[in-house]
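Here are the chains, one letter per residue:
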Amino acid sequence: MRAIFMGTPEFAVPTLQALIDHHEVIGVVTQPDKQRGRGKKVQFPPVKEKAVEYNIPVYQPVRAKEEAFIETLRQLNPDVIVVVAYGQILPESILNIPKYGCINVHGSLLPKYRGAAPIQWAVLDGEEKTGITTMFMEKGLDTGDMLDKVEVVLDPKETAGTLHDKLMEAGADLLLETLKKLEAGTAVRTKQDDSKSCYAKMLSKEMGKIDFTKSANEIERLIRGMNPWPSAYTSMSGKTMKIWDADVVEYQGNEKPGTIVDVTKDSILVATGENALALKEIQLAGKKRMQVQAFLLGRSVEKGIVLGD
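Cut-offs applied
- Per chain, residues are indexed from 1 in the order of the written sequence.
- The predicted origin of the model limits local features to residues at a pLDDT of at least 70 and limits the giving and counting of side-chain atom pairs to 80 or more, whereas totals for whole chains, interfaces and linings rest on all residues.
- Only heavy atoms go into the side-chain values, all of them from the structure, while hydrogens and water stay out.
- Helix numbers and strand numbers start at the N terminus; a helix is a DSSP run of H or I with at least 4 residues, a strand a run of E with at least 2.
- To sort residues, take the accessible area from a 1.4 Å probe on protein chains only and compare it with the maximum for the residue type: under 20% means buried, over 50% means exposed, and anything in between is partly exposed.
- Every residue pair with non-hydrogen atoms within 4.5 Å of one another is taken to be in contact.
- Note on areas: Shrake-Rupley, 1.4 Å probe, and residue coverage restricted to the protein chains presented here.
- Under the convention used here, Asp and Glu are negative, Lys and Arg are positive, and both His and the chain ends fall outside the count.
- By convention, charge coordinates are those of NZ in Lys, CZ in Arg, CG in Asp, or CD in Glu.
- Paired strands, as defined in this entry, are two strands with at least two bridges between them according to DSSP.
- Any carboxyl oxygen of Asp or Glu that lies within 4 Å of a side-chain nitrogen of Lys or Arg is treated as forming a salt bridge with it.

Draft legend 1. Fine view of the overall build of the chain. Summing up its helical and strand segments, the chain has eight helices and 17 strands in all. Here the C-alpha coordinates of the chain stretch approximately 70 × 45 × 30 Å along the principal axes. The proportion of buried residues among the 309 residues of the chain is 50%. Taking all contacts inside the chain whose residues are at least 6 apart in sequence as the whole, residues at least 24 apart take part in 64%. When the accessible surface of the chain is summed, it comes to about 15,600 Å², and 49% of that surface belongs to carbon and sulfur atoms. Between the centroid of the 40 positive side chains of the chain and the centroid of its 42 negative side chains there is a distance of 5 Å.

Here it is in structure tokens:
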């Protein structure tokens, strides 16, 4: 197929690579370059880096609905447009261009988790499995007819980061299967049940602040769901402290949630609204992240300190 690929972050790169390996990619559309880091150096989006590697023409409209850009797509006359985490809503005038439609590779088992952060919310909500769905795009947000799915089981200590990597590889394989069916005329469209959908809203840094009145289970999922960004955090003795790993421990004490109730050689035990949390990997502001066992070397952490105060 003659394909146009629309995507921006690292998550989209394996799918673009699969498309390059098996189809004719005539153009790549991605978000404009951005200045990043302390030096404000202009950096390409990951998808653009891959396209440049293969000398594929790159288009970076500020708004996808610009008429000049839409006309460019018409002139390219693609058989299919593949969209993976592009970052903009496409107008109907683009959706109607390709012969086989615009196919989205979405990081959840639709209709659940429509929206910007389906991977993170699968972890935050304690899902046992999630996956990838390929779908026809329409005007609504992730509401088009579904084509194919693949399931991915979450490990007990799955983080948003590790799940992201599993799903981006699964998405590449699933897209090729879907395109093969479309070309052969064997693809089956399945309408979504809107009553089973929920909105996976974008994460913010503020969402990472730990509320120790919640249960240890909820907080432990927050820590994993916010890893690697924006991270779960609290404060200890006035200093911001990120928590990267923790275990749920049965505990029946009546201390104020957030109170350090025990310190062992490799963990700091903190009371929560239900049970306790054994902190295993932490990071104080301005320091490297480290295992608690290493953190405690040469440091004295007293029982009775209340985190977050």
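Still more ground to cover, so stick around.
Draft legend 2. Fine view of the sheet that holds strand β5 (residues 58–59). Reading across the sheet, the seven strands line up as β5-β2-β1-β6-β7-β9-β10 and stay open at both edges, with mixed pairing between neighbours. Pairing within the sheet leaves two strands with one partner each, and these edge strands are β5 and β10 (146–153). Where strand β7 (residues 102–106) and strand β9 (residues 129–136) come together, four bridges link them in antiparallel fashion. Residue pairing for β9: H106 is matched across the bridge by T133.

Draft legend 3. The pairing of strand β14 (residues 260–263), seen in detail. Looking at chain direction, β14 and strand β15 (residues 268–271) are connected through three bridges and run antiparallel. Bridge pairing in β15 links I260 to V270. Adjacent in sequence and paired antiparallel, β14 and β15 are bridged by four residues.

Draft legend 4. Inspection of the environment of P91 at higher detail. Its place among the elements puts P91 in the loop between β6 (80–84) and α4 (92–95). Residues P91 and K280, 189 residues apart in the sequence, show an inter-C-alpha distance of 47 Å. The residues touching P91, leaving out its near neighbours within four places in the chain, are A64, K65 and I70.

Draft legend 5. Structural context of the pattern of salt bridges. Throughout the structure, instances matching the rule amount to 21 salt bridges. Measuring nitrogen to oxygen at the nearest pair gives 3.1 Å for the salt bridge that ties R189 to D145. Taken together, the positions of R189 in the loop between α6 (160–184) and β11 (199–200) and D145 in the loop between β9 and β10 put the pair 44 residues apart, joining distant regions of the chain. Take D145: its relative accessible area is 11%, and that puts it in the buried class. The shortest N-O distance in the salt bridge between D309 and K256 comes to 3.4 Å. Residue D309 is located in the segment after α8 (292–295), and its partner K256 is located in the loop between β13 (239–249) and β14; the two are separated by 53 residues in the primary sequence.

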